[in-house]
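One letter stands for each residue in the lines below.
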Amino acid sequence: MSPTQPPRSVLIANQKGGVGKSSIVAAVAGMVSAAGRRVLVVDADQQANVTSSDLGVEGDRGKGLSMALQYAHPLEPTREVRPNLDLIPGGPALAVIGAIAATAAQSGMDLRGNLVSTLNDLQSVEHYDLILIDSGPGDAPLLDALLGTARYLLVPTKDDDASLSGVELLAARYLRARENGSLIQLLGVVLFDANPRATARNREVFEQVEDLLDGSGAAPFETFIRSDRAAAVDLRIRHLTPAELVAAAEDQLKNRIQRLRDKKRLGERLWSRDPSGLASDYQSLTREVLSRLASAEKDEVSGGVA
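Quick notes on the overall build of the chain
When its secondary structure is counted, the chain shows 12 helices and eight strands. Compactness check: the chain gives a C-alpha radius of gyration of 20 Å against a globular reference of 19 Å for 306 residues, within 12% of the reference. The principal-axis extents of the C-alpha atoms in the chain amount to approximately 70 × 45 × 35 Å. Per-residue burial over the chain gives 48% buried out of 306 residues. Sequence-distant contacts in the chain: of pairs separated by 6 or more residues, those separated by 24 or more amount to 82%. Carbon and sulfur atoms make up 50% of the accessible area of the chain, which amounts to about 14400 Å² in all.

Thoughts on the pairing of strand 7 (residues 185–194)
Judged by how many residues are buried, strand 7 sits mostly within the fold: 10 of 10 residues are covered. Pairing of strand 6 (residues 152–157) with strand 7 involves six bridges; the strand directions are parallel. Bridging across to strand 7, Val 155 finds its partner in Val 189. Handedness of the crossover is the feature at issue here: the chain leaves strand 6, passes through helix 8 (residues 161–179), returns alongside strand 7, and the resulting connection is right-handed. Sheet analysis places strand 7 next to strand 8 (residues 225–226), joined by two bridges and oriented parallel. The residue bridging Ala 194 from the neighbouring strand is Arg 226, located in strand 8.

Re a nonpolar patch on the surface
Together, Val 233, Ile 237 and Trp 271 make up a nonpolar patch on the protein surface, roughly 310 Å² of accessible area in all. Topologically, Trp 271 is positioned in the loop between helix 11 (242–262) and helix 12 (276–302). A relative accessible area of 52% places Trp 271 in the exposed class.

Considerations on the packing of aromatic side chains
Under the criterion given, the structure shown has zero aromatic pairs. Lying across the ring of Tyr 152, Arg 151 places its NZ or CZ 5.6 Å from the centre. Above the ring of Phe 221, the side-chain terminus of Arg 292 is found at 4.1 Å from the ring centroid.

Concerning the packing of helix 1 (residues 21–34) against helix 12
Following both chains from N to C, one finds helix 1 and helix 12 inclined at 75°, their axes separated by 9 Å at the closest point. Taken as axis vectors, helix 1 and helix 12 run roughly perpendicular relative to one another. Between helix 1, through Ser 23, Ile 24, Ala 27, Val 28, Met 31 and Val 32, and helix 12, the contact on the second element is made entirely by Ala 279, Tyr 282, Gln 283, Leu 285, Thr 286 and Leu 290. Among the residues making up the contact of helix 1 with helix 12, the classes are represented as nine nonpolar, three polar and no charged.

Rules behind the numbers
- Residues numbered from 1 in each chain as written.
- Predicted model: local features only at pLDDT ≥ 70, side-chain atom pairs only at ≥ 80, totals over all residues.
- Heavy atoms only, no water.
- Helix = DSSP H or I, 4+ residues; strand = E, 2+ residues; numbered from the N terminus.
- Rg over C-alpha atoms; globule rule 2.2 N^0.38 Å.
- Buried < 20%, exposed > 50% of the residue type's maximum accessible area, 1.4 Å probe, protein only.
- Contact = heavy atoms within 4.5 Å.
- Areas by Shrake-Rupley, 256 points an atom, 1.4 Å probe, with all protein chains shown as cover.
- Pairing = 2+ DSSP bridges.
- Right-handed = clockwise from strand over helix to strand, strands pointing away.
- Patch = residues over 30% accessible without salt bridge, like charges linked within 9 Å, V, L, I, M, F, W, Y side chains within 5 Å.
- Salt bridge = Lys/Arg side-chain N within 4 Å of Asp/Glu carboxyl O.
- Phe/Tyr/Trp six-rings, centres within 6.5 Å; stacked < 30°, edge-to-face > 60°.
- Lys NZ or Arg CZ within 6 Å of the ring centre and 35° of its normal.
- Axes fitted to C-alpha atoms, helices over the stretch in contact; angles between N-to-C directions.
- Parallel < 35°, antiparallel > 145°, perpendicular 65-115°, else oblique.
- Nonpolar A, V, L, I, M, F, W, Y, C, P; charged D, E, K, R; others polar.

Remember that the coordinates give geometry; whether it matters functionally is a separate question.
If you want it as structure tokens, here you go:
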């Protein structure tokens, strides 16, 4: 593999679904872009959760990304889905990639090479400060292409055995990608949908994760994302980022008080009473991700990490 993987490109992956990949992508992208930095989200998932549910974009059902993977067609993002935030939509058109990968060697098709070149071409024009790549849990050929494309890897997991098995499966693919020449580095594993009060269980999970990461040089993230079912429902139904949900909750409280004073009927309400704790978790995770990226880049400049 050539050493041209896009800088500051982070793949969020786990070979188990439902562990917070799309939620983390949307939250981190929203917070970094709100701070004035240009962000690109690449939704490489057939389900397109980050496109349709998290960001509320209709998109092209993954056709553009599929054409880039197959034929190196230029990527055309959906621009300004939030200020400073562009999106390459995902969707069912990506389903064809698994079938095509089976004959790619015979046809000379290079999925990974095509994606690297098209992302680099787009980056050379747009100069994004951060590229976040969301991945689906089941499409192994596409996942291998993404592991050969992204510069860094972040792995979310829940505390159940199936999610941790997904981490273990992904770790094997990550190591194989490195052996095949990928420059991807593991930033770490973040615990998602956790109970803040379950300190003993959380500590046990971190110990398991450290065993899974043995030899990787990466420690689990100190930040974990708490379980908040009501906020999770509001985020998806209303297509909001965590910071946007906090603002919506504050507006609802103000409007509720005014409507009660005016004796008017209350409108459609949020399910979450106070999403600020969840938003704070995502803010801490975003800071930690950016800190680890800065440290990794500093090591590269000094020659510490290849």
